[in-house]
4 protein chains.
Amino acid sequence: MIKIGVIGYGYWGPNIVRNLNGIEDVEVVLLSDTNPDALKRVKKTYPNITTTTDYRDITTSSEIDAVAVITPVFTHFELVKNALENGKHVFVEKPFTSTVKEAEELIELAEIKNLKIMVDHTFLFTGAVRKIKELIDDNVLGDLYYYDSVRVNLGLFQYDINVIWDLAPHDLSVMDYVLKDEPAAIVATGVDHFGRDLENIAYVTVYFDNNMIAHFNVNWLSPVKMRTTLIGGEKKMLVWNDLEADEKIKIYNKGVKIDTKEGLYNLLVDYRSGDMLSPKVAHTEALKVELEYFVDCVINNKIPFNDGQAGLRIVKMLEASSNSLKNDGKLINL
Amino acid sequence: MIKIGVIGYGYWGPNIVRNLNGIEDVEVVLLSDTNPDALKRVKKTYPNITTTTDYRDITTSSEIDAVAVITPVFTHFELVKNALENGKHVFVEKPFTSTVKEAEELIELAEIKNLKIMVDHTFLFTGAVRKIKELIDDNVLGDLYYYDSVRVNLGLFQYDINVIWDLAPHDLSVMDYVLKDEPAAIVATGVDHFGRDLENIAYVTVYFDNNMIAHFNVNWLSPVKMRTTLIGGEKKMLVWNDLEADEKIKIYNKGVKIDTKEGLYNLLVDYRSGDMLSPKVAHTEALKVELEYFVDCVINNKIPFNDGQAGLRIVKMLEASSNSLKNDGKLINL
Amino acid sequence: MIKIGVIGYGYWGPNIVRNLNGIEDVEVVLLSDTNPDALKRVKKTYPNITTTTDYRDITTSSEIDAVAVITPVFTHFELVKNALENGKHVFVEKPFTSTVKEAEELIELAEIKNLKIMVDHTFLFTGAVRKIKELIDDNVLGDLYYYDSVRVNLGLFQYDINVIWDLAPHDLSVMDYVLKDEPAAIVATGVDHFGRDLENIAYVTVYFDNNMIAHFNVNWLSPVKMRTTLIGGEKKMLVWNDLEADEKIKIYNKGVKIDTKEGLYNLLVDYRSGDMLSPKVAHTEALKVELEYFVDCVINNKIPFNDGQAGLRIVKMLEASSNSLKNDGKLINL
Amino acid sequence: MIKIGVIGYGYWGPNIVRNLNGIEDVEVVLLSDTNPDALKRVKKTYPNITTTTDYRDITTSSEIDAVAVITPVFTHFELVKNALENGKHVFVEKPFTSTVKEAEELIELAEIKNLKIMVDHTFLFTGAVRKIKELIDDNVLGDLYYYDSVRVNLGLFQYDINVIWDLAPHDLSVMDYVLKDEPAAIVATGVDHFGRDLENIAYVTVYFDNNMIAHFNVNWLSPVKMRTTLIGGEKKMLVWNDLEADEKIKIYNKGVKIDTKEGLYNLLVDYRSGDMLSPKVAHTEALKVELEYFVDCVINNKIPFNDGQAGLRIVKMLEASSNSLKNDGKLINL
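Described below are features of the structure shown in this document. Every chain's residues receive numbers from 1 upward, in the order its sequence appears when written. Each chain takes a letter, starting from A, and each ligand takes a number, starting from 1, following the order in which they are written. In view of the model being predicted, local features appear only for residues whose pLDDT reaches at least 70, and side-chain atom pairs are presented and counted only at 80 or more, with totals across whole chains, interfaces and linings using the full set of residues. The basis for every side-chain value is the complete set of heavy atoms in the structure, and neither hydrogens nor water enter the calculation.

### Quick look at the interface of chain A and chain D
Then step 1. Note on contacts: a residue pair qualifies if any of its non-hydrogen atoms lie within 4.5 Å across the two residues. The interface of chain A with chain D comprises 11 residues on the first partner and 11 residues on the second.
Then step 2. By convention, the term buried area covers the 1.4 Å-probe accessible surface removed from two parts as they join, with the contributions of both added. Both faces considered, chain A and chain D share a buried interface measuring about 990 Å² in area, 44% of it formed by carbon and sulfur atoms.
Then step 3. One side-chain nitrogen of Lys or Arg within 4 Å of one carboxyl oxygen of Asp or Glu is enough to make a salt bridge. The closest approach of N and O atoms between E247 of chain D and K250 of chain A, which form a salt bridge, is 3.1 Å.
Then step 4. At the level of elements, β13 (249-259) and β14 (268-278) of chain A are the ones that each hand at least two residues to the side of chain A that touches chain D.
Then step 5. Here the element with the most residues in the side of chain A that touches chain D is β14 of chain A; it accounts for six residues.
Then step 6. A per-class count over the side of chain A that touches chain D returns four nonpolar, three polar and four charged.
Then step 7. Strand pairing is defined by DSSP finding a minimum of two bridges between the two strands. Here a strand is any run of E in DSSP of at least two residues, a helix any run of H or I of at least four, and the numbering for each starts at the N terminus. One ladder, built from three bridges, connects β14 of chain A with strand β14 (residues 268-278) of chain D; its direction is antiparallel. Along β14 of chain D, the bridge assignment pairs L277 of chain A with L277 of chain D. Gly is placed with the polar residues, together with every amino acid not listed as nonpolar (Ala, Val, Leu, Ile, Met, Phe, Trp, Tyr, Cys and Pro) or charged (Asp, Glu, Lys and Arg).

What follows is the structure, encoded as structure tokens:
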């Protein structure tokens, strides 16, 4: 049995509490939020959880083993640091921190204190992403050519971060999880339409050393919701449409072989087009699986794969995107 | 009645000849191709058309009024120039030329000679694009936020140009046609996977002075074919899916109003979500309409809207994309 | 404030209890189920609800005003009758009863006792069905030609009823609600593949006096889930796809005018094809709206439109379907 | 080389002539149509084909080997009979004849004369139907439960036949081709909305002895075009959507096992849900393949599988449907 305190009960917090509450070995004992209305909602649904407006009640509580930080990103550094300093394991909302420097400092602190950090990259616990990782690990796709993701919809506008920091962490963390290669450089373009100095539409290209390319299209102003990722490999190509109820992943036996020896005017391209397979994908609730994994890591002293280092790798790409945006699409090496 | 000679009978040429042949006032009298097999195919279907392997037979023929140049882009300058010098009107495949300089020289030559140039931007003659232009001209969408296009499929790899020069002219010419604003700068990223020094996947961002942004995703290595353009405006937003049989255009009464006065923590966003309308779109064959328009422009001495200047505007963006690609995504001002 | 007892906590019961629990003026005080495991689940989520294995504890409780009967249809008659005899208002799962005779007896009993019966035709409270009714009431579709529904998926096989009694009540109740006309006769076909004497695939045609036709395709053995209804009218035609996230209803300005005067060989048909409109549809939870309406009807002594009579009309069509099935597709007049 | 005469140049005739014209071993020498405009159109596209308004010029021509009858069904008997009597092989539009009696007489006549009849069931020559037959022949689907087809769209209204005779022959002939079992009985329902005594919406159920059931939904008044067939088997289930560009066939590893031993209240159903496979399907033009096959059968004296007997089997089902419709959905044994 571990006892957990939760900081933040806004948009995502209720999902965290509901899922933690469903885990056998967990007791959510304390919850803080600066908004009294949020605390009222907690009390109504979970009469047994004590509430407070001061997060320090949680980080300093002697009965608490771990803290879930479910607050805006600009608060993560202070809250996680305080929790770690007080000896608590930390589950923290994505993106991990606002800067690379902050992430590095927290990772170091956790190491010194021998504490776990887990960054909430929920998608890594979906059946679809697990299946994609399995396919790539088994070399079903062959050498990879590209990773191309579209994540667009109408809002929700965030007041403190741009659309890249809001939406791209999902896709960057999936890419980071399923690919073996490390990104080398980033170019980002985008625009802010509302005078807030926070882009609401943006495009991020990630270059890899081995000629792989990745691209992320994120947009808060789309009339339609899209969640589509294409992964092209030498042997197979894959489309992941997360909005499909049943056929989320489709694997295409399609490809191209190019014979370049023949000279300029005789380009010989062999297009291969075979069957398409949509593998069965597990329908488990990702957040439930993730939180059980967090508890398992804490209790059994395991290092989670979505640890501070994983969070840092995403923040590095986000920070590089921001630098590129500020410099007219300049290529930023990672 | 005008008499037309056609240079080039490869992938697109047969469509040109078939449609020209169906026009009352037109006679296709002469066709050239360097490939004898192509000429055989012409003879079989059109026994009345004379064929030749030397395009000069066409450009110097005294009975010919106009020439259709349906060849790879690197040949356009020489062929079009020769046709103009010999007093022929010209219909030329997109993209107009390989460089801005070439386009400007041809435009000047046509003006001196008082001849028409029409660049084959076929999409401008589809019912869907006509409808989009009408909606924007009537200010149905309001001030525009973005233009976001995806044009991906498996192949056809071109031996002489990259994927931007091959696929993006369609979308750039549509954007050029429907928007009133002029592009200001371009950032392009992309990669070549086959050691040909010709990108097969690329992403182009076009900035406008008024905060409009455009983006083009072109890819010869996609397992699925996509032809989707989103146009977001202040009043309405539009999705054009050219692969839909019947509902090619959908207009969403969706939008966002942001009240930024309230300070950092109280971002007030009002999301509007109303009906969706899919207007009826004419089902005419675009190429037929375009070629009839070409004949009309020649006979009645009209300046086509898809003239050399229109072709030049597209080539400017293509050239800038190439420059940006060569310079690691550097912003290229137009 | 009214106090409600719930009989049955199987597949649908938890949704009833959760929604009743969320209504201000309602207290769920007592719940019965013959399955002790079900009662344990109730206790875990709702510690304040008293549980029992004997439904008579509910029907005879003096503190209870109304009873929700959420059990298999073959139990409805006994349970509802007992509740009515003990002076309780009744909310009862669809279909209302197993026979027309049972339904008529219960309606009579409720009238004598001055009690409400509401049959749980949840779909009538969805935004989509409300919109369809509004469109038909406003004569947007014009005179109706047909109502054609497909409701197929893999399972859930019911042990006590065939696929018509399981799936068709949804569509029959929607049709009953949105149409003004009364059905005249029924033909049903179908088959049982598992030796259970309960059809798992069936087709029901409903004839109307005015040449309207309705058809229902229900199937427990479909590899794909479909929930599609076409309603064809003289002025407009409508497609309701309940699986669409956003565009559930599409109204087509399509139609046909036939001039039959011209004689056999000159059939003049004028096909009209105009815009398509997908109206905004409310996203409320239907069951919540329905249960609030039930409470409102009880407290304010209103007759619900989905009362026993509505339930009876559906049972009449179900019973006729069964008769037709037993008689090789014989036409059964209603 | 065989010489063919074509009778009828209406909606479908031009496709027949175009494809016959493309076959090496064929010469279309003569074409008849009662409509002079049709003959003008022939002359324009095919100057070498002689035209006539009298079909007897074709059937009695000594240079002609085979006749293609592409006319309304009520003319088939007279035309085909006349052609056979004059010693011509016959390719005839579907449905074969207006009655079973006519079909039987023509089959007998062809046998006596040692001539071929091929009924134009074009779909049997598509890549999709070939693949479905292959899957069923290889027992990939296992024992079959059902065949469920929807073929609906707006028009084209036929002046001489109802919607079943117009649209259902496609699906009935596919079912006849891919299934091994013979239909046992038919129930049909439907309605005519335009006072023509010809149903424009209809539903046909076909019973088989082994508990297989088939159903056909045909409708000339649908705002959307649908071409979807579900085939459910014990081992696999298949969806054929002919409107899909690339993934026309999807094979679902889904199924149900029911243990009925456990008694009424303990229905044990085991739902199986695995991968979905969309096999590659050939993209050849079906009509071209079919006509080449016709020529092959004539030249090499082969009996086509889509011969008069195949045509007769479809006419039997159509005639039974008409009988059922006239008798209020009465079950008609085949």
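### Thoughts on unusual backbone geometry
Then step 1. Here the amide bond leading from K94 of chain C into P95 of chain C is cis, since omega sits at -15°, within 30 degrees of zero.
Then step 2. Turning to its location among the elements, P95 of chain C is positioned in the loop between β5 (89-93) and α5 (100-113).
Then step 3. Positive phi values are uncommon outside glycine, yet N301 of chain B reaches one of about 55°.
Then step 4. Relative to the helices and strands, N301 of chain B is located in the loop between α8 (286-299) and α9 (308-326).
Then step 5. Partly exposed residues are those whose accessible area sits between 20% and 50% of the maximum for their type, while under 20% is buried and over 50% is exposed, using a 1.4 Å probe and protein chains only. On the basis of relative accessible area, N301 of chain B is assigned to the exposed category, the value being 52%.

### As for the relation of the copies chain A and chain D
Then step 1. Copy-to-copy superposition: least squares on the C-alpha atoms, limited to residues that have pLDDT of at least 70 in both copies. Expressed as a screw transformation, the operator carrying chain A onto chain D has a rotation angle of 180° and an axial translation of 0.0 Å, and the superposed copies differ by an RMSD of 0.1 Å. Put plainly, the chains are arranged around a two-fold axis. Judged by C-alpha distance, L277 of chain A is the residue of chain A that lies nearest the rotation axis, at 2.3 Å.
Then step 2. Same-surface contact between copies: 100% of interface residues of chain A are shared with the interface of chain D.

### Remarks on the sheet that holds strand β1 (residues 2-7) of chain C
Residue and element names in this part refer to chain C.
Then step 1. Taken together, six strands build an open sheet; the order of strands is β3-β2-β1-β4-β5-β6 and the sheet is parallel. In the strand order of this sheet, the two ends are held by β3 (50-52) and β6 (117-120), each with one partner. Strand-to-strand, the axes of this sheet are offset by a mean angle of 20°, without reference to chain direction.
Then step 2. As judged from the six bridges shared by β1 and strand β2 (residues 26-32), these two strands associate in the parallel manner. From the neighbouring strand, K3 faces β2, where its bridge partner is E27.
Then step 3. Against the sheet, helix α8 (residues 286-299) touches β1, β2, β4 (66-69), β5 and β6, its axis set at about 175° to β6. Inter-axis angles, ranging from 0 to 180 degrees, are taken between N-to-C directions of lines fitted to C-alpha atoms, where helices are fitted over the stretch in contact.

### What to know about the interface of chain A and chain B
The parts lose accessible area when they come together, and the size of an interface is often stated as this lost area.
Then step 1. With 50 residues of chain A in contact, the opposing surface of chain B contributes 50 residues.
Then step 2. Taken together, the two surfaces of chain A and chain B that pack against each other cover about 4,700 Å², and 71% of this comes from carbon and sulfur.
Then step 3. Our count for the chain A to chain B interface comes out at zero salt bridges.
Then step 4. In the analysis that follows, any N or O atom pair within 3.5 Å is treated as a polar contact, provided that within protein one partner can donate a hydrogen and the other can accept it, and provided that, for residues neighboring in sequence, both atoms belong to side chains. Linking chain A with chain B are 21 residue pairs in polar contact (both at pLDDT 80 or more), by the criterion used here.
Then step 5. At the level of elements, β7 (144-154), β8 (183-191), β9 (201-208), β10 (213-219), β11 (221-233), β12 (237-241), β13 and β14 of chain A are the ones that each hand at least two residues to the side of chain A that touches chain B.
Then step 6. No other element matches the six residues that β11 of chain A contributes to the side of chain A that touches chain B.
Then step 7. In terms of residue class, the side of chain A that touches chain B is built from 30 nonpolar, 14 polar and six charged.

### Overview of the packing of aromatic side chains
Then step 1. Between rings of Phe, Tyr and Trp, where Trp is taken as its six-membered ring, a pair exists when centres lie within 6.5 Å; planes separated by under 30 degrees are stacked, by over 60 edge-to-face, and by other angles tilted. Taken as a whole, this structure holds 46 aromatic pairs over all chains when the rule is applied.
Then step 2. Ring geometry for Y293 of chain C and F305 of chain C: centres 5.4 Å apart, planes at 35°, overall tilted. Of this pair, Y293 of chain C sits in helix α8 while F305 of chain C sits in the loop between α8 and α9 (308-326); the two residues are 12 residues apart in sequence, bridging distant segments of the chain.
Then step 3. Between F123 of chain D and W240 of chain D, the ring centres sit 6.0 Å apart and the planes meet at 70°, which makes this aromatic pair edge-to-face. One end of the pair, F123 of chain D, is in the loop between β6 (117-120) and α6 (127-137); the other, W240 of chain D, is in strand β12 (residues 237-241), and 117 residues separate them in sequence. Each member of the pair, F123 of chain D as well as W240 of chain D, carries the same accessibility label: buried.
Then step 4. Here a set of aromatic residues connected by ring pairs shows up, and it is made of Y145 and Y271 of chain A together with F157, F194 and W220 of chain B.
Then step 5. Two thresholds decide whether a charge sits over a ring: the Lys NZ or Arg CZ must be within 6 Å of the ring centre and within 35 degrees of the ring normal. Across from the ring centre of Y177 of chain A, 5.0 Å away, lies the NZ or CZ of K133 of chain A, which sits over that ring.

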